[in-house]
Amino acid sequence: MSERARERIAGERAAAQARLESLQHHLTSIREVSTWTGTDDEHDPEGATIAFERAQVQGLLEAAREEIAELDRAEARLDAGTYGVCARCGTAIGRERLDALPAATTCITCADRR
Ligand SMILES: [Zn+2]
């Protein structure tokens, strides 16, 4: 199970990393557009649109970074031998749940209680 989990985590991490990079490109191009057109101004309708889009992309970037951090922590738990154990109640997290969410830290019962 741990080899399988390791593969899942590596796969998810690669996907999150690719997403992070494409979002960074996107953010750079938004910045370039606002520099070229000089519309980096909240009072300009076009500037507001760009500011909104930039905020959205930054939000997605944050989410991707957090996902990578979670996957890194999951990998550290694999190394420590504590992977797949609920952080709250100490019972085993179901395999199906780990397949769906390889970075899960709690069993489905504790997650539902949250
Ligand atoms: Zn639990």
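Scroll up a little and you will see the structure.
Residue indices follow the written sequence of each chain, beginning from 1 at its first position. For a predicted model such as this one, the threshold for reporting local features is a pLDDT of at least 70, and the threshold for listing and counting side-chain atom pairs is 80 or more; totals across whole chains, interfaces and linings nevertheless cover every residue. For the side-chain quantities, the full set of heavy atoms in the structure was used; hydrogens and water were omitted.

Chemist: Explanation requested: the overall build of the chain in the structure shown.
Modeler: Helix and strand counts for the chain come out as 4 helices and 0 strands. For 114 residues, the compact-globule formula gives about 13 Å, and the C-alpha radius of gyration of the chain, at 19 Å, lies well above that figure. Oriented by its inertia axes, the alpha-carbon framework of the chain measures out at about 55 × 30 × 20 Å. Categorising residues by exposure relies on relative accessible area from a 1.4 Å probe, with only protein chains included: less than 20% of the type maximum marks a residue as buried, more than 50% marks it as exposed, and the intermediate range marks it as partly exposed. Scored against the burial criterion, the 114 residues of the chain give a buried share of 29%. Residues are treated as being in contact if the distance between any of their heavy atoms lies within 4.5 Å. Long-range contacts, defined as pairs at least 24 residues apart, comprise 54% of the intrachain contacts of the chain with a sequence gap of at least 6. Of the roughly 7400 Å² of accessible surface on the chain, 53% is carried by carbon and sulfur atoms. Of note, the chain has its 15 positive side-chain charges centred 10 Å away from the centre of its 21 negative side-chain charges. A run of DSSP states H or I qualifies as a helix once it reaches four residues; a run of E qualifies as a strand once it reaches two. Both are numbered from the N-terminal end. With C-alpha atoms as the basis for the radius of gyration, the globule rule is written as 2.2 Å multiplied by the number of residues raised to the power 0.38. Residue burial considers only the protein chains on display, and all accessible areas are found by Shrake-Rupley using a 1.4 Å probe. Asp and Glu are treated as the negative residues and Lys and Arg as the positive ones, with His and the ends of the chain left uncounted. The atoms used to mark charge sites are NZ of Lys, CZ of Arg, CG of Asp and CD of Glu.

Chemist: I'm lost on the environment of Thr-109 in this one. Help?
Modeler: With respect to the helices and strands, the residue Thr-109 is situated in helix H4 (residues 108-113). Overall, the relative accessible area of 45% leaves Thr-109 in the partly exposed class. Between the C-alpha atoms of Thr-109 and Cys-89, which are 20 residues apart in sequence, the distance is 9.3 Å.

Chemist: Looking at this structure, I do not really get the coordination of the zinc ion. What am I missing?
Modeler: Reference geometry at the metal: tetrahedral coordination by four donors gives ideal angles of 109.5 degrees; octahedral coordination by six donors gives 90 or 180 degrees. Only nitrogen, oxygen and sulfur atoms count as donors, using a 2.8 Å cut-off from the metal that widens to 3.2 Å for Na, K and Ca. Water is left out, so coordination shells may look unfilled. For the zinc ion, the full set of protein donor atoms is Cys-86 (SG), Cys-89 (SG), Cys-107 (SG) and Cys-110 (SG), and the range of their distances to it is 2.3 Å. The coordination sphere of the zinc ion comprises 4 donor atoms, whose angles at the metal cover 106 to 116°; the geometry is tetrahedral. Written as a sequence motif, the donor arrangement for the zinc ion is C-x2-C-x17-C-x2-C. Geometry assignment treats four donors as tetrahedral when all angles are between 85 and 135 degrees, treats four as square planar and six as octahedral when opposite donors are over 155 degrees apart and all others between 65 and 115, and treats everything else as irregular.

Chemist: Can you help me understand the nonpolar core in this one?
Modeler: Across soluble globular proteins, nonpolar side chains have a tendency to be buried as a group. For our purposes a nonpolar core is just a set of buried Ala, Val, Leu, Ile, Met, Phe, Trp, Tyr and Cys residues, chained together by side-chain atoms within 4.5 Å. Counting residues in each nonpolar core, the largest one holds 13 residues, and the members touching the most others are Ile-9 and Tyr-83. At the level of secondary structure, the elements contributing two or more residues to this core comprise helix H1 (2-37) and helix H2 (45-80). Sorting elements by how many residues they give to this core places H2 first, with 3 residues. Listed in part, the 10 residues of the second largest apolar core include Leu-23, Leu-27, Val-57 and Leu-61.

Chemist: I tried to follow H2 on my own but got confused; where do I start?
Modeler: What sets the pattern is the α-helix's 3.6 residues per turn: residues three or four places apart point alike. What a helix should span is 1.5 Å times the count of its residues minus one. Its 36 residues place the ends of H2 53 Å apart at the C-alpha level, agreeing with the 52 Å of an ideal helix rising 1.5 Å per residue. Residues Gly-47, Ile-50, Ala-51, Arg-54, Val-57, Leu-61, Ala-64, Ile-68, Leu-71, Ala-74, Arg-77 and Leu-78 constitute the buried set of H2. Looking one or two places after H2, you find Gly-81, whose phi comes out positive at around 80°.

These results come straight from atomic positions and should not be treated as a statement about function.
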